[in-house]
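Observations on the three-dimensional arrangement
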Amino acid sequence: MEFVEQIVSHYNQWITIFLMVAGLYIVVARGNMVKKLVGLSLFQTSVYLLYLSPGKILGGTAPILEEGFEVYSNPLPHVLMLTAIVVGLATLAVGLALVVRINEAYGTIEEDEIFADGEDGK
Amino acid sequence: MVLLTLMAAVTIGIVRARNLFAVVVLSGIYSFLMASVMIVLDAVDVAMTEASVGAGMSMVLMLGVLYLTKVEEAVPSHTPWLPLFVAVGTAAVLLYGTVGLPPFGAAENIVHAHVAPRYLEQSIAETTVPNVVTSVLASYRGFDTLGETVVIFTAGFAVLLLLRGRRRSRPSDDA
């Protein structure tokens, strides 16, 4: 019984870790640049979950003050994650622009082929 | 809990898929699931932002890049064992770390102790904004938001600089 409680109370964190590690794996293992960026944003979204999960209070409501509600979730992680999402989009845009330029310079977005190009002495 | 499990399933799909178009669509699905989870976690403002920025804007940008590049991903030449080992090792360390964390959703958790109650109590008196997320974002932590807009401005500038040279040669498209 205690094990079940442990699972329920840490399930968010475990999924967060799974998502984070999946993103890390994609970034390291896959050579395709677009795939790498998707992995990077997976990593990033897992951090949103990491921040928002502890902010929740069971039985609480969204932090919009209104008569008749007493318990509100913590607004601070929400604010931080709003900033993080928008900054994440900005970095993603820069990354994708770099991918487009790399594709123009090398004709490919695969890491292996780019390295092979470099070894040929181009 | 169901949503979180679905998200994990979609993530496995993203890792396995070789067609980049499928990867991008799956990441859109992932973002919408993430937005739903955020609503469950009472973060309604964040959920709206995630649905529009994460699922909408990111997907448009990625599809634009796919249009300019290739859709198929090549099979990687090296074996995946080393990255897999790194990933599993990281997961093990992090899982070990979660054992000491406080339980989910309890009101007496330490995160709810310091500035959050002050924001909730004083927001109406000090800013007259009922939505506390808004008042913290725009008023209490206005400088953070200013920094954020600086980052976005810089990023937009960088994208423009990176893509400026190519527009002369091929004026038809833009990511």
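Taken N-terminus to C-terminus, the directions of helix 3 (residues 75-106) of chain A and helix 3 (residues 44-68) of chain B make an angle of 0°; their axes are 10 Å apart at the nearest point. It follows that helix 3 of chain A is roughly parallel to helix 3 of chain B by the angle criterion. Each of H78, M81, L82, I85, V86, L89, L92, A93, L96, V99, V100 and N103 of chain A in helix 3 of chain A lies in contact with helix 3 of chain B, whose residues at this interface are D45, V46, T49, E50, V53, M57, S58, L61, M62, V65 and L68 of chain B. Grouping the amino acids of the contact of helix 3 of chain A with helix 3 of chain B by side-chain chemistry returns 17 nonpolar, four polar and two charged.

Contact residues are listed per partner, giving 76 residues for chain A and 87 residues for chain B. Summed over both sides, the interface of chain A with chain B buries roughly 7400 Å², with 76% coming from carbon and sulfur. Of all residues in chain A, Y25, L65 and L82 of chain A bury the most surface against chain B, accounting for 8% of the area lost on that side. On the surface where chain A and chain B come into contact, there are zero salt bridges. Breaking the side of chain A that touches chain B down by element, the ones donating at least two residues are helix 1 (2-29), helix 2 (33-55), helix 3 and helix 4 (111-119) of chain A. The biggest single contributor to the side of chain A that touches chain B is helix 3 of chain A, with 24 residues. For the side of chain A that touches chain B, the class distribution of residues is 49 nonpolar, 19 polar and eight charged.

Among the structural elements, T108 of chain A can be located in the loop between helix 3 and helix 4. Judged by its relative accessible area of 4%, T108 of chain A falls in the buried class. With 76 residues separating them in the primary sequence, T108 of chain A and N32 of chain A have C-alpha atoms 9.1 Å apart. Setting aside its immediate chain neighbours within four residues, T108 of chain A contacts I102, N103, E113 and I114 of chain A together with K70 of chain B.

Quick look at the side chain of K35 of chain A now. Inspection of the secondary structure assignment puts K35 of chain A in helix 2. Beyond its immediate chain neighbours, meaning those up to four positions away, K35 of chain A contacts I26 and R30 of chain A together with I14, V15, A17, L20, V23 and E73 of chain B.

Moving on: the side chain of D45 of chain B. The residue D45 of chain B is located in helix 3 in this model. Not counting chain neighbours up to four residues away, the residues in contact with D45 of chain B comprise L82 of chain A together with N131, V133 and T134 of chain B.

Describing an aromatic ring pair means giving the distance of the ring centres and the angle of the ring planes. Residue and element names in this part refer to chain B. Going through the model one piece at a time under the given rule, you end up with one aromatic pair over all chains. Note on F153 and F157: the rings are 5.8 Å apart at their centroids and 20° apart in plane angle, and the pair reads as stacked. Within this pair, F153 and its partner F157 are both found in helix 7 (residues 142-169), separated by four residues, close to a single helical turn. For F157, a relative accessible area of 47% gives the class partly exposed.

About the criteria used
Residues numbered from 1 in each chain as written. Chains lettered and ligands numbered in written order. Predicted model: local features only at pLDDT ≥ 70, side-chain atom pairs only at ≥ 80, totals over all residues. Heavy atoms only, no water. Axes fitted to C-alpha atoms, helices over the stretch in contact; angles between N-to-C directions. Helix = DSSP H or I, 4+ residues; strand = E, 2+ residues; numbered from the N terminus. Parallel < 35°, antiparallel > 145°, perpendicular 65-115°, else oblique. Contact = heavy atoms within 4.5 Å. Nonpolar A, V, L, I, M, F, W, Y, C, P; charged D, E, K, R; others polar. Buried area = accessible area lost by both parts, 1.4 Å probe. Salt bridge = Lys/Arg side-chain N within 4 Å of Asp/Glu carboxyl O. Buried < 20%, exposed > 50% of the residue type's maximum accessible area, 1.4 Å probe, protein only. Phe/Tyr/Trp six-rings, centres within 6.5 Å; stacked < 30°, edge-to-face > 60°.

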